[in-house]
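Spelled out, the chains give:
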Amino acid sequence: MELKEVLQVLEQLAPLSLAESWDNVGLLVEPSKRRPVKTILLTNDLTDAVMEEAETMSCDLLISYHPPLFRPIKRLVQKDWKQQLVVRAVEAGMAIFSPHTSWDSVKGGVNDWLVGGLGSGQVSVLSQGLGGAPHSHKLEFMVRSTEELNTVMEELKACDGGTIQQHSINRPDNDGIHVSVTCSDSALTLSVHALLKHTAPSQSLSIVKLEKPPLPGHGQGRLSVLDQPLTVATAIQKMKSHLGLNHLRLALGLGLTLESSVCTVAVCAGSGASVLSGVKADLYITGEMSHHEVLDAVAQGSSVLLSDHSNSERGFLTSFRERLAVRIPDSVAVVVSKADRDPLEVV
């Protein structure tokens, strides 16, 4: 299977447009020589141990949930451990792809998998995902004649590469022809300059920024109103089983006990304090929160369950492997890393 074909499948499963604006997602390393993808390795983090595993199995595509390349780099040298790994991937002709927050946001992704550990419920998104189309603007103005309208529209189309959309044209009164069009964010300045060259449009121009539409079910974090309420103690055991862990860290909400009821749970995989902050829920579940963020949650009456960062994400790889495997040929092996692990452990 060609690399571009695998990337198309990955885009279908979780569009990269769902990722946060600050994130670095997608194809991060592309080999110069084309070769068929026969082995795909899934990992939460790209570490030295995972790279050795990938090299041993002659991996063609390494999908690392966390991007090994995040901040801009000016050189590839051996003194930086992440740069070492990227160099090894290039030398091996291995592609690297990172989905990160697109997997968090997509419906059925990491956060839906995480909240599912406590059973079924009415699930909603905490931070709503928006459509991936670029921002656009509605320009409303008047022209005095059909001839001026045709001239202005041709100029606007030239500003926006011919893609400008004409919304409506009508004659409500004798003042002239009322026009409403949309243009992309990148074409706004040129479009306005074009309109200002004409007297009637320049005197009547109004500009409205159009918001991106919400995408139901997509976004960061999840809130579940459980179909079957649990005690805190039962929630702990369920999450240990779901995450495959022997230990979790717990902070009980103010005045609560292990036998207190959990009817609502808010989750955010990884480091979720910014998404969970202020959410009304009996229980917060995330990978990590700072000392003071935990104190804030406890004071508002929410218990907090922490698994360490990557432990709240890694289990999704097995679920994703199944989804990917059914969409690609049987000749392509999809493997979940055995070397990948959270760097922290209880001792």
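Keep in mind that what you see is a predicted model, and the values were worked out from it rather than measured.

Student: Please explain helix α7 (residues 188-196) as it appears in this structure.
Tutor: Looking only at α7, the buried set comprises Leu188, Ser191, Val192, Ala194 and Leu195. Buried residues of α7 fall within an arc of 160 degrees about the axis and therefore sit on the same side. Of the exposed residues in α7, the ones pointing more than 90 degrees away from its buried face are Thr189 and Leu190. Looking at the buried side of α7, the elements it contacts are β6 (136-143), α6 (146-159), β8 (177-184), α8 (199-204) and β9 (206-210).

Student: Even after reading the chapter, I still don't get the sheet that holds strand β12 (residues 261-271), so can you show me in this structure?
Tutor: Think of a sheet as strands paired side by side through backbone hydrogen bonds, with each pair either parallel or antiparallel. Strand order across the open sheet formed by 6 strands is β5-β10-β12-β13-β14-β11, with mixed pairing between neighbours. The sheet is open, and its two edges are formed by β5 (121-130) and β11 (249-251), each paired on a single side. The average undirected angle you get between the axes of adjacent strands in this sheet is 25 degrees. With 4 bridges connecting them, strand β13 (residues 283-288) and strand β14 (residues 303-306) associate as parallel partners. When the bridges of β14 are listed, Thr286 appears paired with Leu306. On the sheet, helix α9 (residues 232-243) packs against β10 (214-231), β11, β12, β13 and β14 and is oriented at approximately 125 degrees with respect to β10.

Student: Please explain the domain arrangement of the protein as it appears in this structure.
Tutor: By a widespread convention, an interface's size corresponds to the accessible area lost as its parts come together. As assigned here, the protein comprises domain 1 (3-103), domain 2 (107-129 + 216-312) and domain 3 (137-209). For domain 1 versus domain 3, the distance between C-alpha centres works out to 45 Å.

Student: Any chance you could explain the packing of aromatic side chains here in plain terms?
Tutor: The way to describe two aromatic rings as a pair is by their centre distance and the angle between their planes. In the structure shown here, the tally under the stated rule is 5 aromatic pairs. When the centroid spacing of 5.5 Å and the interplanar angle of 70 degrees are considered together, the rings of Trp103 and Phe316 count as edge-to-face. Here Phe316 lies in helix α12 (residues 316-325) and Trp103 lies in helix α4 (residues 101-105), a separation of 213 residues in the sequence. Given the relative accessible area of 2%, Phe316 is considered buried. An aromatic cluster is present here, built from Tyr65, Trp103, Phe316 and Phe320 joined pairwise through their rings.

Student: How should the packing of helix α1 (residues 3-13) against α12 be read in this particular structure?
Tutor: Helix packing geometry: the angle between the two helix axes and the distance between the axes. Running from amino to carboxyl end, α1 crosses α12 at an angle of 120 degrees, the nearest separation of the two axes being 11 Å. Looking at the two axes, α1 sits oblique to α12. Considering how the two elements wind past one another, α1 and α12 form a crossing that is right-handed. Every residue of α12 that contacts α1 at Val9, Leu10 and Leu13 is listed here: Phe320, Arg323 and Leu324. Residues belonging to the contact of α1 with α12 are distributed by class as follows: 5 nonpolar, no polar and 1 charged.

Student: Please explain unusual backbone geometry as it appears in this structure.
Tutor: With glycine set apart, most residues show a phi of negative sign, and most peptide bonds adopt trans. The phi angle at Ser58 is positive, at roughly 55 degrees, despite the residue not being glycine. When you line up the elements, Ser58 lands in the loop between α2 (48-56) and β3 (61-64). For Ser58, a relative accessible area of 51% puts it in the exposed group. The phi angle at His100 is positive, at roughly 35 degrees, despite the residue not being glycine. On the secondary structure map, His100 appears in the loop between β4 (95-98) and α4.

Reading the values: rules and limits
- Residues numbered from 1 in each chain as written.
- Predicted model: local features only at pLDDT ≥ 70, side-chain atom pairs only at ≥ 80, totals over all residues.
- Heavy atoms only, no water.
- Buried < 20%, exposed > 50% of the residue type's maximum accessible area, 1.4 Å probe, protein only.
- Helix = DSSP H or I, 4+ residues; strand = E, 2+ residues; numbered from the N terminus.
- Arc of directions from axis to C-beta.
- Contact = heavy atoms within 4.5 Å.
- Pairing = 2+ DSSP bridges.
- Axes fitted to C-alpha atoms, helices over the stretch in contact; angles between N-to-C directions.
- Domains from an automatic or database assignment.
- Phe/Tyr/Trp six-rings, centres within 6.5 Å; stacked < 30°, edge-to-face > 60°.
- Parallel < 35°, antiparallel > 145°, perpendicular 65-115°, else oblique.
- Left-handed = near helix turned anticlockwise from the far one by under 90°.
- Nonpolar A, V, L, I, M, F, W, Y, C, P; charged D, E, K, R; others polar.

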